[in-house]
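Inside the fold
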Amino acid sequence: MIAQTRFSVLDRSRTREAHGNGPQALRDTVDLARRIEALGYHRFWVSEHHSVPGVAGSAPTVLASAVAAATSSIRVGTGGVMLPNHQPLVVAEQFGVLESLFPGRIDMGLGRSVGFTDGIRRALGRDKKDAGSFATQLGELLGYFTGDQSAHPQVHAHPAEGLRIPAFVLATGAGAQVAAAAGLPLVIAAARGEDEMLRAIEGYREAFRPSAWGERPYVVLSGTVAVAGTSDEAARLLVPEAWASAYSRTHGSFPPLAPADEILARPMSDRERGLFDDARRGHIHGTQDEVADGLEKVLGRSGADEYLVATSTYDRGALLDSYRRLARLVGLTDTQAGPTEQDGCDKSNP
(Lines give C-alpha, C1' and ligand atoms only; values in the text may rest on other atoms or scores of the structure.)
Protein backbone atom coordinates (compact mmCIF):
# COMPACT_ATOMS: atom_id res chain seq x y z
CA MET A 1 0.00 0.00 0.00
CA ILE A 2 2.82 2.43 0.80
CA ALA A 3 4.26 2.12 -2.71
CA GLN A 4 0.86 3.00 -4.21
CA THR A 5 0.27 6.05 -2.00
CA ARG A 6 1.27 9.67 -2.43
CA PHE A 7 2.81 11.39 0.58
CA SER A 8 2.46 15.09 1.30
CA VAL A 9 3.10 17.51 4.18
CA LEU A 10 1.02 20.03 6.13
CA ASP A 11 2.87 22.54 8.32
CA ARG A 12 0.92 24.58 10.87
CA SER A 13 3.60 27.27 11.38
CA ARG A 14 3.85 26.45 15.08
CA THR A 15 5.58 29.01 17.27
CA ARG A 16 8.23 27.81 19.72
CA GLU A 17 9.36 29.04 23.10
CA ALA A 18 12.69 30.92 22.97
CA HIS A 19 12.85 30.64 19.18
CA GLY A 20 11.35 33.89 18.01
CA ASN A 21 7.74 34.78 17.44
CA GLY A 22 5.18 34.41 14.71
CA PRO A 23 7.34 35.92 11.94
CA GLN A 24 10.08 33.38 12.63
CA ALA A 25 7.57 30.53 12.54
CA LEU A 26 6.36 31.67 9.13
CA ARG A 27 9.92 31.83 7.82
CA ASP A 28 10.48 28.33 9.24
CA THR A 29 7.49 27.10 7.25
CA VAL A 30 8.85 28.52 3.99
CA ASP A 31 12.27 26.98 4.71
CA LEU A 32 10.68 23.61 5.49
CA ALA A 33 8.75 23.74 2.21
CA ARG A 34 12.02 24.00 0.27
CA ARG A 35 13.39 20.99 2.09
CA ILE A 36 10.20 18.97 1.69
CA GLU A 37 10.26 19.68 -2.04
CA ALA A 38 13.88 18.44 -2.25
CA LEU A 39 12.83 15.22 -0.51
CA GLY A 40 10.26 14.52 -3.22
CA TYR A 41 6.94 14.89 -1.38
CA HIS A 42 3.88 15.47 -3.56
CA ARG A 43 2.42 18.64 -2.03
CA PHE A 44 2.97 21.12 0.82
CA TRP A 45 0.02 22.74 2.57
CA VAL A 46 -0.42 25.46 5.19
CA SER A 47 -3.25 26.05 7.65
CA GLU A 48 -5.56 28.78 8.99
CA HIS A 49 -5.87 29.67 12.67
CA HIS A 50 -6.98 32.98 14.17
CA SER A 51 -5.87 34.51 17.48
CA VAL A 52 -3.91 31.42 18.52
CA PRO A 53 -0.60 32.21 20.27
CA GLY A 54 0.89 28.87 19.25
CA VAL A 55 0.12 29.12 15.52
CA ALA A 56 1.40 31.89 13.23
CA GLY A 57 -0.49 30.81 10.09
CA SER A 58 -3.50 33.10 10.05
CA ALA A 59 -3.57 33.96 6.33
CA PRO A 60 -3.07 30.72 4.38
CA THR A 61 -3.38 32.09 0.86
CA VAL A 62 -0.73 34.73 1.61
CA LEU A 63 1.58 32.12 3.12
CA ALA A 64 0.91 29.72 0.23
CA SER A 65 2.07 32.45 -2.15
CA ALA A 66 5.36 32.77 -0.27
CA VAL A 67 5.82 28.99 -0.28
CA ALA A 68 5.08 28.73 -4.00
CA ALA A 69 7.54 31.55 -4.75
CA ALA A 70 10.27 29.80 -2.73
CA THR A 71 9.76 26.42 -4.47
CA SER A 72 9.58 25.32 -8.07
CA SER A 73 7.81 21.99 -8.53
CA ILE A 74 5.95 20.82 -5.42
CA ARG A 75 2.20 21.43 -5.32
CA VAL A 76 1.25 24.14 -2.81
CA GLY A 77 -2.06 24.65 -1.07
CA THR A 78 -4.13 25.18 2.02
CA GLY A 79 -5.18 22.71 4.64
CA GLY A 80 -7.31 24.60 4.67
CA VAL A 81 -9.03 27.90 4.15
CA MET A 82 -11.96 27.86 6.58
CA LEU A 83 -14.69 28.88 4.18
CA PRO A 84 -17.27 30.00 6.80
CA ASN A 85 -14.78 32.69 7.91
CA HIS A 86 -14.74 34.29 4.44
CA GLN A 87 -16.85 35.44 1.53
CA PRO A 88 -16.65 32.87 -1.30
CA LEU A 89 -16.02 35.64 -3.86
CA VAL A 90 -12.87 36.76 -2.04
CA VAL A 91 -11.62 33.18 -1.66
CA ALA A 92 -12.14 32.57 -5.39
CA GLU A 93 -10.26 35.75 -6.25
CA GLN A 94 -7.36 34.84 -3.98
CA PHE A 95 -6.97 31.37 -5.45
CA GLY A 96 -7.40 32.78 -8.94
CA VAL A 97 -4.42 35.04 -8.31
CA LEU A 98 -2.38 32.16 -6.88
CA GLU A 99 -3.11 29.89 -9.84
CA SER A 100 -2.34 32.70 -12.28
CA LEU A 101 1.04 33.33 -10.67
CA PHE A 102 1.93 29.66 -10.17
CA PRO A 103 -0.02 27.77 -12.86
CA GLY A 104 -0.57 24.06 -12.33
CA ARG A 105 0.80 24.00 -8.78
CA ILE A 106 -2.01 25.31 -6.55
CA ASP A 107 -4.43 23.26 -4.41
CA MET A 108 -7.53 24.69 -2.76
CA GLY A 109 -8.14 22.86 0.53
CA LEU A 110 -11.36 24.06 2.21
CA GLY A 111 -12.70 23.49 5.71
CA ARG A 112 -15.93 24.26 7.54
CA SER A 113 -14.63 25.43 10.94
CA VAL A 114 -15.22 28.88 12.36
CA GLY A 115 -13.17 30.67 15.01
CA PHE A 116 -13.01 28.51 18.12
CA THR A 117 -14.03 31.14 20.71
CA ASP A 118 -16.94 33.56 20.81
CA GLY A 119 -14.54 36.51 20.77
CA ILE A 120 -12.75 35.33 17.63
CA ARG A 121 -16.03 34.60 15.89
CA ARG A 122 -17.31 38.09 16.70
CA ALA A 123 -14.07 39.61 15.40
CA LEU A 124 -14.49 37.64 12.17
CA GLY A 125 -18.13 38.65 11.92
CA ARG A 126 -19.18 35.03 12.11
CA ASP A 127 -21.17 32.70 14.37
CA LYS A 128 -21.14 28.98 15.10
CA LYS A 129 -24.18 28.50 12.88
CA ASP A 130 -22.21 29.70 9.84
CA ALA A 131 -20.49 26.31 9.70
CA GLY A 132 -23.88 24.86 8.79
CA SER A 133 -23.86 26.83 5.53
CA PHE A 134 -20.64 25.26 4.32
CA ALA A 135 -22.22 23.26 1.49
CA THR A 136 -23.96 26.36 0.14
CA GLN A 137 -20.78 28.43 0.39
CA LEU A 138 -18.82 25.68 -1.32
CA GLY A 139 -21.26 25.58 -4.20
CA GLU A 140 -21.04 29.36 -4.61
CA LEU A 141 -17.24 29.25 -4.52
CA LEU A 142 -16.96 26.54 -7.16
CA GLY A 143 -19.48 28.44 -9.27
CA TYR A 144 -17.14 31.42 -9.45
CA PHE A 145 -14.57 29.21 -11.17
CA THR A 146 -17.05 27.72 -13.65
CA GLY A 147 -18.83 31.04 -14.15
CA ASP A 148 -22.27 29.68 -13.29
CA GLN A 149 -22.76 30.75 -9.68
CA SER A 150 -26.27 32.10 -9.11
CA ALA A 151 -26.10 33.53 -5.60
CA HIS A 152 -25.02 36.92 -6.97
CA PRO A 153 -26.06 37.33 -10.62
CA GLN A 154 -23.65 39.21 -12.90
CA VAL A 155 -20.85 38.96 -10.30
CA HIS A 156 -17.65 37.38 -11.57
CA ALA A 157 -14.45 36.40 -9.80
CA HIS A 158 -11.44 37.54 -11.77
CA PRO A 159 -8.99 36.04 -12.56
CA ALA A 160 -10.51 32.83 -11.16
CA GLU A 161 -13.26 32.34 -13.72
CA GLY A 162 -12.30 29.67 -16.22
CA LEU A 163 -9.47 28.28 -14.10
CA ARG A 164 -9.67 24.75 -12.74
CA ILE A 165 -7.89 24.50 -9.40
CA PRO A 166 -8.05 21.13 -7.59
CA ALA A 167 -10.40 21.57 -4.62
CA PHE A 168 -10.43 19.41 -1.50
CA VAL A 169 -12.86 19.24 1.42
CA LEU A 170 -11.42 18.89 4.93
CA ALA A 171 -14.07 17.09 6.91
CA THR A 172 -15.01 14.53 9.52
CA GLY A 173 -18.26 12.65 9.98
CA ALA A 174 -21.18 14.31 8.21
CA GLY A 175 -18.83 16.78 6.49
CA ALA A 176 -17.60 13.91 4.32
CA GLN A 177 -21.04 13.84 2.72
CA VAL A 178 -20.53 17.41 1.51
CA ALA A 179 -17.39 16.30 -0.33
CA ALA A 180 -19.26 13.35 -1.82
CA ALA A 181 -22.19 15.47 -3.02
CA ALA A 182 -19.84 18.02 -4.60
CA GLY A 183 -17.70 15.34 -6.26
CA LEU A 184 -14.55 16.53 -4.50
CA PRO A 185 -11.60 14.78 -2.84
CA LEU A 186 -11.89 14.22 0.89
CA VAL A 187 -9.18 15.04 3.45
CA ILE A 188 -9.88 13.33 6.75
CA ALA A 189 -8.16 12.60 10.07
CA ALA A 190 -8.97 10.20 12.87
CA ALA A 191 -9.88 13.06 15.21
CA ARG A 192 -12.78 11.04 16.63
CA GLY A 193 -11.14 7.65 16.39
CA GLU A 194 -10.14 5.42 13.51
CA ASP A 195 -13.40 3.49 13.39
CA GLU A 196 -15.46 6.64 12.92
CA MET A 197 -13.00 7.87 10.28
CA LEU A 198 -13.31 4.61 8.35
CA ARG A 199 -17.12 4.79 8.50
CA ALA A 200 -17.00 8.35 7.15
CA ILE A 201 -14.72 7.25 4.30
CA GLU A 202 -17.03 4.37 3.42
CA GLY A 203 -20.02 6.70 3.43
CA TYR A 204 -18.14 9.19 1.26
CA ARG A 205 -17.31 6.57 -1.34
CA GLU A 206 -20.86 5.23 -1.41
CA ALA A 207 -22.39 8.71 -1.81
CA PHE A 208 -19.80 10.15 -4.21
CA ARG A 209 -21.26 11.78 -7.31
CA PRO A 210 -18.84 12.34 -10.21
CA SER A 211 -18.47 15.98 -11.14
CA ALA A 212 -16.40 18.31 -13.27
CA TRP A 213 -14.02 18.41 -10.30
CA GLY A 214 -13.55 14.67 -9.88
CA GLU A 215 -14.56 11.48 -11.65
CA ARG A 216 -14.02 9.16 -8.70
CA PRO A 217 -13.61 9.35 -4.92
CA TYR A 218 -10.16 10.43 -3.74
CA VAL A 219 -9.25 10.05 -0.08
CA VAL A 220 -6.41 11.84 1.70
CA LEU A 221 -5.68 10.66 5.24
CA SER A 222 -4.10 13.24 7.52
CA GLY A 223 -2.21 12.56 10.72
CA THR A 224 0.98 12.74 12.73
CA VAL A 225 3.86 10.51 11.63
CA ALA A 226 7.13 10.60 13.57
CA VAL A 227 10.14 8.52 12.52
CA ALA A 228 13.41 8.30 14.45
CA GLY A 229 16.31 5.97 15.14
CA THR A 230 14.56 4.47 18.17
CA SER A 231 10.98 4.16 19.37
CA ASP A 232 11.73 6.39 22.38
CA GLU A 233 13.18 9.14 20.20
CA ALA A 234 10.12 9.08 17.99
CA ALA A 235 7.82 9.19 21.02
CA ARG A 236 9.66 12.30 22.28
CA LEU A 237 8.77 14.09 19.05
CA LEU A 238 5.10 13.82 20.07
CA VAL A 239 5.60 15.40 23.50
CA PRO A 240 5.52 19.16 22.64
CA GLU A 241 2.31 19.03 20.62
CA ALA A 242 0.65 16.68 23.13
CA TRP A 243 1.38 19.09 25.97
CA ALA A 244 0.11 22.07 23.95
CA SER A 245 -3.13 20.16 23.37
CA ALA A 246 -3.48 19.27 27.06
CA TYR A 247 -2.71 22.85 28.08
CA SER A 248 -5.28 24.28 25.69
CA ARG A 249 -7.99 22.05 27.17
CA THR A 250 -7.15 23.02 30.74
CA HIS A 251 -6.28 26.71 30.26
CA GLY A 252 -8.28 27.75 27.19
CA SER A 253 -5.26 28.92 25.18
CA PHE A 254 -3.10 27.00 22.70
CA PRO A 255 0.52 27.83 23.60
CA PRO A 256 3.84 27.87 21.71
CA LEU A 257 5.67 24.56 21.66
CA ALA A 258 8.11 23.85 24.49
CA PRO A 259 11.12 21.46 24.62
CA ALA A 260 10.28 17.84 25.41
CA ASP A 261 12.71 17.65 28.37
CA GLU A 262 11.13 20.70 29.98
CA ILE A 263 7.63 19.32 29.56
CA LEU A 264 8.46 15.89 30.93
CA ALA A 265 9.98 17.51 34.04
CA ARG A 266 6.89 19.62 34.76
CA PRO A 267 4.47 18.73 37.54
CA MET A 268 1.02 18.02 36.11
CA SER A 269 -2.38 17.76 37.70
CA ASP A 270 -4.22 14.48 37.29
CA ARG A 271 -6.41 16.04 34.61
CA GLU A 272 -3.45 17.50 32.74
CA ARG A 273 -1.62 14.19 32.91
CA GLY A 274 -4.64 12.32 31.57
CA LEU A 275 -5.11 14.73 28.67
CA PHE A 276 -1.38 14.74 27.94
CA ASP A 277 -1.23 10.95 27.82
CA ASP A 278 -4.35 10.80 25.65
CA ALA A 279 -2.83 13.29 23.19
CA ARG A 280 0.20 11.07 22.68
CA ARG A 281 -1.89 8.08 21.66
CA GLY A 282 -3.18 7.16 18.23
CA HIS A 283 -0.25 8.51 16.21
CA ILE A 284 2.04 6.58 13.88
CA HIS A 285 5.54 6.78 15.34
CA GLY A 286 8.65 4.71 15.91
CA THR A 287 11.51 3.31 13.88
CA GLN A 288 11.21 3.00 10.11
CA ASP A 289 10.02 -0.60 10.42
CA GLU A 290 7.42 0.32 13.06
CA VAL A 291 6.14 3.26 11.03
CA ALA A 292 6.01 1.17 7.86
CA ASP A 293 3.86 -1.37 9.70
CA GLY A 294 1.55 1.35 11.05
CA LEU A 295 1.15 3.00 7.65
CA GLU A 296 0.49 -0.29 5.88
CA LYS A 297 -2.27 -1.10 8.35
CA VAL A 298 -4.12 2.21 8.14
CA LEU A 299 -3.69 2.49 4.38
CA GLY A 300 -4.89 -1.07 3.96
CA ARG A 301 -7.98 -0.48 6.11
CA SER A 302 -8.86 2.84 4.47
CA GLY A 303 -7.74 2.32 0.88
CA ALA A 304 -6.56 5.94 0.91
CA ASP A 305 -4.95 7.49 -2.17
CA GLU A 306 -2.69 9.86 -0.25
CA TYR A 307 -1.32 10.55 3.23
CA LEU A 308 -0.92 14.15 4.41
CA VAL A 309 1.62 14.18 7.23
CA ALA A 310 0.86 16.92 9.77
CA THR A 311 3.58 16.56 12.39
CA SER A 312 4.54 19.40 14.74
CA THR A 313 7.34 19.37 17.29
CA TYR A 314 9.70 21.78 19.06
CA ASP A 315 12.96 20.48 17.55
CA ARG A 316 12.93 21.50 13.88
CA GLY A 317 16.08 19.49 13.19
CA ALA A 318 14.44 16.35 14.54
CA LEU A 319 11.31 17.14 12.53
CA LEU A 320 13.28 17.40 9.30
CA ASP A 321 15.13 14.16 10.15
CA SER A 322 11.76 12.47 10.61
CA TYR A 323 10.64 13.65 7.18
CA ARG A 324 13.92 12.43 5.66
CA ARG A 325 13.48 8.99 7.21
CA LEU A 326 9.86 8.86 6.08
CA ALA A 327 10.85 9.85 2.54
CA ARG A 328 13.30 6.95 2.41
CA LEU A 329 10.72 4.60 3.88
CA VAL A 330 8.06 5.40 1.27
CA GLY A 331 10.49 5.44 -1.65
CA LEU A 332 10.66 9.15 -2.46
CA THR A 333 13.67 10.53 -4.29
CA ASP A 334 15.30 13.93 -4.40
CA THR A 335 13.41 16.07 -6.95
CA GLN A 336 16.71 17.51 -8.10
CA ALA A 337 17.66 14.01 -9.28
CA GLY A 338 14.52 13.50 -11.36
CA PRO A 339 10.81 12.61 -11.06
CA THR A 340 9.65 10.71 -7.99
CA GLU A 341 8.14 7.26 -8.19
CA GLN A 342 4.82 8.78 -7.11
CA ASP A 343 4.84 11.13 -10.12
CA GLY A 344 4.64 8.05 -12.31
CA CYS A 345 1.76 6.43 -10.44
CA ASP A 346 -1.55 6.00 -12.19
CA LYS A 347 -3.47 8.55 -10.13
CA SER A 348 -6.51 10.33 -11.51
CA ASN A 349 -7.84 13.50 -9.92
CA PRO A 350 -6.28 15.43 -8.37
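For the structure itself, consult the block above.
Parameters and conventions
For every chain, the first residue of the written sequence is number 1, and numbering continues from 1 along that sequence. Local features in a predicted model are, by the rule used here, given only for residues with pLDDT of at least 70; side-chain atom pairs are given and counted only at 80 or more, and totals for whole chains, interfaces and linings are based on all residues. Hydrogens and water are ignored here; the side-chain numbers use all heavy atoms of the structure. Only protein chains enter the accessibility calculation, which uses a 1.4 Å probe; a residue whose area is less than 20% of its type maximum is buried, one above 50% is exposed, and one in between is partly exposed. Helix numbers and strand numbers start at the N terminus; a helix is a DSSP run of H or I with at least 4 residues, a strand a run of E with at least 2. Pairs of strands are assigned from DSSP output, requiring at least two bridges between the strands. Note on handedness: a crossover is taken as right-handed if, strands pointing away from the viewer, the path from the first strand over the helix to the second is clockwise. A contact between two residues is defined here by any heavy atoms of the two lying within 4.5 Å. Here, a salt bridge means any Lys or Arg side-chain nitrogen found within 4 Å of an Asp or Glu carboxyl oxygen. Here an angle of 0 to 180 degrees is reported between the N-to-C directions of two axes, which are lines fitted to C-alpha atoms, with helices fitted over the stretch in contact. Angle categories are assigned with fixed cut-offs, so that under 35 degrees is roughly parallel, over 145 is roughly antiparallel, 65 to 115 is roughly perpendicular, and the rest are oblique. Helix crossings fall into two classes, left-handed where the near helix is turned counterclockwise from the far one by less than a right angle and right-handed where it is turned clockwise. Following the grouping adopted for this structure description, the nonpolar residues are Ala, Val, Leu, Ile, Met, Phe, Trp, Tyr, Cys and Pro, the charged ones are Asp, Glu, Lys and Arg, and the polar ones are all others, Gly among them.

Things to note about the pairing of strand β5 (residues 106-111)
With 6 of 6 residues buried, β5 lies mostly within the body of the structure. Every second residue of β5 is oriented toward a common face, with Ile-106, Met-108 and Leu-110 on one face and Asp-107, Gly-109 and Gly-111 on the other, all of them buried. One ladder, built from 2 bridges, connects strand β4 (residues 81-82) with β5; its direction is parallel. Paired with Val-81 across the strands is Leu-110, a residue of β5. You can see the chain leave β4, run along helix α3 (residues 88-101) and come back into β5, and the turn it takes is right-handed. Pairing between β5 and strand β6 (residues 167-170): 3 bridges, direction parallel. Its bridge partner lying in β6, Met-108 is registered against Ala-167.

Regarding the environment of Asp-232
As for its placement among the helices and strands, Asp-232 is situated in helix α8 (residues 231-251). Here Asp-232 falls in the exposed class, since its relative accessible area comes to 62%.

Some points on the pairing of β6
Residue alternation in β6 divides its side chains into two sets, Ala-167 and Val-169 and Phe-168 and Leu-170, and both sets are buried. Sheet topology places β6 next to strand β7 (residues 186-189); 2 bridges connect them, and they run parallel. Residue pairing in the sheet places Val-169 in a bridge with Leu-186 of β7. Handedness of the crossover joining β6 and β7 through helix α6 (residues 175-182) is recorded here as right-handed.

Some details on the environment of Gln-288
Structurally, Gln-288 is set in helix α11 (residues 288-302). Between the alpha carbons of Gln-288 and Val-169 there is a distance of 30 Å; along the sequence they are 119 residues apart. In this structure, Gln-288 is in contact with Val-227, Ala-228, Arg-325, Arg-328 and Leu-329, ignoring residues within four places of it in sequence.

Considering the pattern of salt bridges
On inspection of all chains with the given rule, the structure shows 19 salt bridges. Of the charged contacts, one joins Arg-266 and Glu-17 as a salt bridge, the two residues approaching to 3.8 Å between their closest N and O atoms. Pair noted here: Arg-266 is in the loop between α9 (260-264) and α10 (270-279) and Glu-17 is in the loop between β1 (6-11) and α1 (22-39), with a separation of 249 residues, a long-range link. A salt bridge links Asp-293 to Lys-297, with the nearest nitrogen and oxygen atoms 3.2 Å apart. Separated by 4 residues within a single helix, Asp-293 and Lys-297 lie in helix α11, roughly one turn from each other. Assessed through its relative accessible area of 45%, Lys-297 is described here as partly exposed. Taken together, the shared-partner salt bridges in this structure form one network comprising Arg-43, Arg-75, Asp-107 and Glu-306.

Focus: the packing of α11 against helix α12 (residues 316-330)
For the pair α11 and α12, interaxial distance at closest approach is 10 Å and the crossing angle is 60 degrees. Overall, the two elements α11 and α12 adopt an arrangement that is oblique. Here α11 and α12 pass one another in a crossing that is right-handed. On α12, the residues touching Gln-288, Val-291, Ala-292 and Leu-295 of α11 are Arg-325, Leu-326, Arg-328 and Leu-329. Counted by class, the contact of α11 with α12 contains 5 nonpolar, 1 polar and 2 charged residues.

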